[in-house]
Amino acid sequence: MLVHEQVEFICGKGSLGRLFPAAAIGLGGIFLAAGLLNPTSNCYNKNGVLQTPTQCASTNLLFAVLGGVVLLAGLVLALRGTKQRDTRYYVTTFRLVEAKQRRIVREVPRDLFRGREFSQFLQVIPTLIVNGTPFFTAKILDPRSGDEMMSLRNLTQESINALELVGQVVYCKYCGQRNDAKSMRCSQCGASL
Ligand SMILES: [Zn+2]
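Residues numbered from 1 in each chain as written. Predicted model: local features only at pLDDT ≥ 70, side-chain atom pairs only at ≥ 80, totals over all residues.

**Student:** Outline the overall build of the protein, supporting the account with residue identities and numerical values.
**Tutor:** Helix and strand counts for the protein stand at three helices and nine strands. When the helices and strands of the protein are read in sequence order from the N terminus, they spell out β-α-α-β-β-β-β-β-β-α-β-β. Here the C-alpha atoms of the protein give a radius of gyration of 25 Å, more than 25% beyond the 16 Å that 2.2 N^0.38 yields for 193 residues. With the C-alpha coordinates aligned to their principal axes, the bounding extent of the protein is approximately 85 × 30 × 30 Å. Within the protein, residue pairs in contact and separated by at least 24 positions form 49% of the contacts whose partners lie at least 6 positions apart. (Helix = DSSP H or I, 4+ residues; strand = E, 2+ residues; numbered from the N terminus. Rg over C-alpha atoms; globule rule 2.2 N^0.38 Å. Contact = placed C-beta atoms within 7 Å.)

What follows is the structure, given as structure tokens:
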């Protein structure tokens, strides 16, 4: 961290990323168990009529296969999640930073966006709503190359608002004061921005 640098927000693999695999593993496990453990003499169809052992066996097999597939998908997601969880994105007063296992792998100074219309480098995609709170994915393009630079997931509206300010404000490197992007001098200490 630099002097006067402050983290505006941090984005990592959110708790939602862990919830989905866990739910899939749980549900898949129940279906798999139901399919494998249900005796073939104890099956009813949807009208409540007892089925023959052959019909029952195929129903059980369907349950087991379905459960197995969901369980497997959950495991794969969980495994991928543990790999990605180490990636974190920081938006600070001076930089956008991507860090893996606490080491910076990529950083872009906010100066690059200064005075430019940041919205042209920012794509905000609404992803899901949990208990009435909307979440977004934000993709940030590198202003130098136009390539996608960061994909921030599970962002709240608050974080989006902070992101949208990136091109509109400039923080003084000497005192930390927030200034309008058009200012040439810091409104607090008078340093050249
Ligand atoms: Zn200043």
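**Student:** Lay out the sheet that holds strand S3 (residues 95–100) in plain terms, naming residues and giving numbers.
**Tutor:** Taken together, the four strands give an open sheet; going across it, the order is S1-S2-S3-S4, and neighbouring strands pair in antiparallel fashion. Pairing within the sheet leaves two strands with one partner each, and these edge strands are strand S1 (7–11) and strand S4 (103–109). Geometrically, the sheet is characterised by an average inter-axis angle of 20 degrees between neighbouring strands, direction not taken into account. Two strands pair when backbone bridges link them, and S3 and S4 are joined in this way by six bridges, in the antiparallel orientation. The residue of S4 that forms the bridge with Lys100 is Arg103. Across the sheet, helix H3 (residues 157–164) lies against S1 and strand S2 (87–92), angled at about 125 degrees from S1, the strand it touches most. (Pairing = 2+ DSSP bridges. Axes fitted to C-alpha atoms, helices over the stretch in contact; angles between N-to-C directions.)

**Student:** Explain the nonpolar core residue by residue, including any values.
**Tutor:** The biggest cluster of nonpolar side chains holds 12 residues, and these are Cys11, Tyr89, Val91, Leu96, Phe113, Phe121, Ala138, Ile140, Leu152, Leu155, Leu163 and Val166. Those residues within four positions of Leu163 in sequence are excluded, and the remaining contacts are Val91, Leu122 and Ala138. One finds Ala24, Phe31, Leu32 and Val70 within the second-largest nonpolar core, a separate group that totals five residues. (Core = buried A, V, L, I, M, F, W, Y, C linked by C-beta atoms within 7 Å. Buried ≥ 20, exposed ≤ 12 C-beta atoms within 10 Å, placed from the backbone.)

**Student:** An account of the domain arrangement of the protein is requested, with residue identities and associated values reported.
**Tutor:** Split into domains, the protein comes out as domain 1 (16–84) and domain 2 (117–180). Using only C-alpha atoms to locate each centre, domain 1 and domain 2 end up separated by 40 Å. (Domains from an automatic or database assignment.)

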